[in-house]
Amino acid sequence: MQRGSSPWRHLPYIGGLNPSPPNLLELAVHHLPWTMTDRTGDPGQDASVITKTRPKTQRPPMYKVLLLNDDYTPMEFVVHILERFFGLTHAQAFEIMLTVHKKGLAVVGVFSFEVAETKVAQVMDFARRHQHPLQCTMEKD
Ligand code: TYC
């Protein structure tokens with residue numbers, strides 16, 4: 001039948017009475033995170049392998065926060081700082097304070113850059129406001 005005289009001529013022509021159904025497999029594969037690779041190199045012998053493609057992620061660098069010894073800051077003040085800004089128990093804080101006192105410095109914790117930077121600023125600010133020469137610094141882990 002000529003399209004021009006068809007009673008359905010106002011409808012869009014879809015190429016036949018039974019349009020082929022969508023290829024569901026192709027649609028699904030298009031949305032999957034893996035690819036098919038034929039590792040035989042022989043088109044007649046398809047040994048396709050499903051290869052997961054995992055995007056490379058990198059962990060953010062971490063930073064050690066160090067406390068330095070000096071001859072003037074009172075021991076109890078250092079213990080207080082360790083409890084207050086690093087969430088340590090009194091026993092943990094006392095132990096780290098003693099390590100700093102004996103060895104010259106100790107790692108108080110390891111944090112992301114932003115957290116380490118904040119802890120250092122909090123300690124330095126608190127020590128300064130109390131007029132103690134306590135030094136706190138950070139370095140890449
Ligand atoms: N050495 C100090 C004192 O004898 C105590 C102290 C410990 C100071 C740790 C600083 O980070 C420090 N009073």
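On a predicted model such as this, the values are computed, not experimentally measured, just so you know.

A.B. asks: Please set out a nonpolar patch on the surface residue by residue, giving values where relevant.
C.D. replies: A cluster of nonpolar side chains, contributed by Met 62, Val 107 and Val 110, occupies part of the molecular surface with about 210 Å² of accessible area. Structurally, Val 107 can be placed in strand E4 (residues 105–112).

A.B. asks: Can you explain the environment of Leu 134? Please cite residues and give values.
C.D. replies: The topology assignment puts Leu 134 in the loop between helix H4 (113–129) and strand E5 (135–140). Setting aside residues up to four positions removed in sequence, Leu 134 forms contacts with Leu 67, Leu 68, Asp 70, Thr 73, Phe 77, Val 78, Ile 81, Val 123, Met 124 and Ala 127.

A.B. asks: Can you explain the confidence of the model for the chain? Please cite residues and give values.
C.D. replies: It should be kept in mind that the predicted coordinates are not to be read in detail where pLDDT is low. Taken as a whole, the chain shows an average pLDDT of 80; of its residues, 66% reach a score of 70 or greater. Across residues 27–39, where pLDDT falls below 50, the model places 22 contacts with residues more than four positions away in sequence or in other chains.

A.B. asks: Go over helix H2 (residues 75–86), please, and point to the residues and values.
C.D. replies: Counted at 1.5 Å a residue, the expected span for H2 with its 12 residues is 16 Å, and the 16 Å between its end C-alpha atoms agrees. Buried residues in H2 make contact with strand E3 (62–68), helix H3 (90–103), E4 and H4. Just downstream of H2 lies Gly 87, where phi reads positive at about 60°.

A.B. asks: Can you break down the side chain of Thr 73 residue by residue, with the values?
C.D. replies: Summarising the element assignment, Thr 73 is placed in the loop between E3 and H2. One polar contact links the side chain of Thr 73 to the main-chain amide nitrogen of Leu 134, over a distance of 3.3 Å. Those residues in contact with Thr 73 that lie beyond four places of it in its chain are Val 78, His 132, Pro 133 and Leu 134.

A.B. asks: Hey, could you go over the sheet that holds E5 for me, with residue numbers and the actual values?
C.D. replies: A sheet is described by the order of its strands in space; here 3 strands give the open sequence E4-E3-E5, paired in antiparallel fashion. A single partner strand is all that each edge strand has here, and the edge strands are E4 and E5. For this sheet, the mean angle separating the axes of adjacent strands, direction not counted, is 30°. Packing of H3 onto the sheet brings it into contact with E3 and E4, and relative to E4 it is tilted by some 125°.

A.B. asks: So, the packing of H2 against H4: which residues are in play, and what are the values?
C.D. replies: Two numbers describe how H2 lies on H4: the axes approach to 11 Å, and their chain directions differ by 145°. For the element pair H2 and H4, the recorded crossing hand is right-handed. Only Lys 119, Gln 122, Val 123, Phe 126 and Ala 127 of H4 make contact with H2, whose side of the interface consists of Phe 77, His 80, Ile 81, Arg 84, Phe 85 and Phe 86. Considered class by class, the residues forming the contact of H2 with H4 number 7 nonpolar, 2 polar and 2 charged.

A.B. asks: Mind laying out the pattern of salt bridges, listing which residues take part and the relevant values?
C.D. replies: Think of it this way: side chains of opposite charge can pair up when their charged atoms draw near. Applying the stated criterion across every chain yields a total of 2 salt bridges. A salt bridge links Glu 139 to Lys 64; the shortest N-O distance between them is 3.2 Å. Linking Glu 139 in strand E5 with Lys 64 in strand E3, this pair joins segments that are 75 residues apart in sequence. For Arg 129, the salt bridge identified is with Asp 125, shortest N-O distance 3.1 Å.

Criteria and cut-off values
Residues numbered from 1 in each chain as written. Predicted model: local features only at pLDDT ≥ 70, side-chain atom pairs only at ≥ 80, totals over all residues. Heavy atoms only, no water. Patch = residues over 30% accessible without salt bridge, like charges linked within 9 Å, V, L, I, M, F, W, Y side chains within 5 Å. Areas by Shrake-Rupley, 256 points an atom, 1.4 Å probe, with all protein chains shown as cover. Salt bridge = Lys/Arg side-chain N within 4 Å of Asp/Glu carboxyl O. Helix = DSSP H or I, 4+ residues; strand = E, 2+ residues; numbered from the N terminus. Contact = heavy atoms within 4.5 Å. pLDDT = per-residue confidence, 0-100. Expected span 1.5 Å × (residues − 1). Polar contact = N/O pair within 3.5 Å; in protein donor to acceptor, adjacent residues only side chain to side chain. Pairing = 2+ DSSP bridges. Axes fitted to C-alpha atoms, helices over the stretch in contact; angles between N-to-C directions. Left-handed = near helix turned anticlockwise from the far one by under 90°. Nonpolar A, V, L, I, M, F, W, Y, C, P; charged D, E, K, R; others polar.

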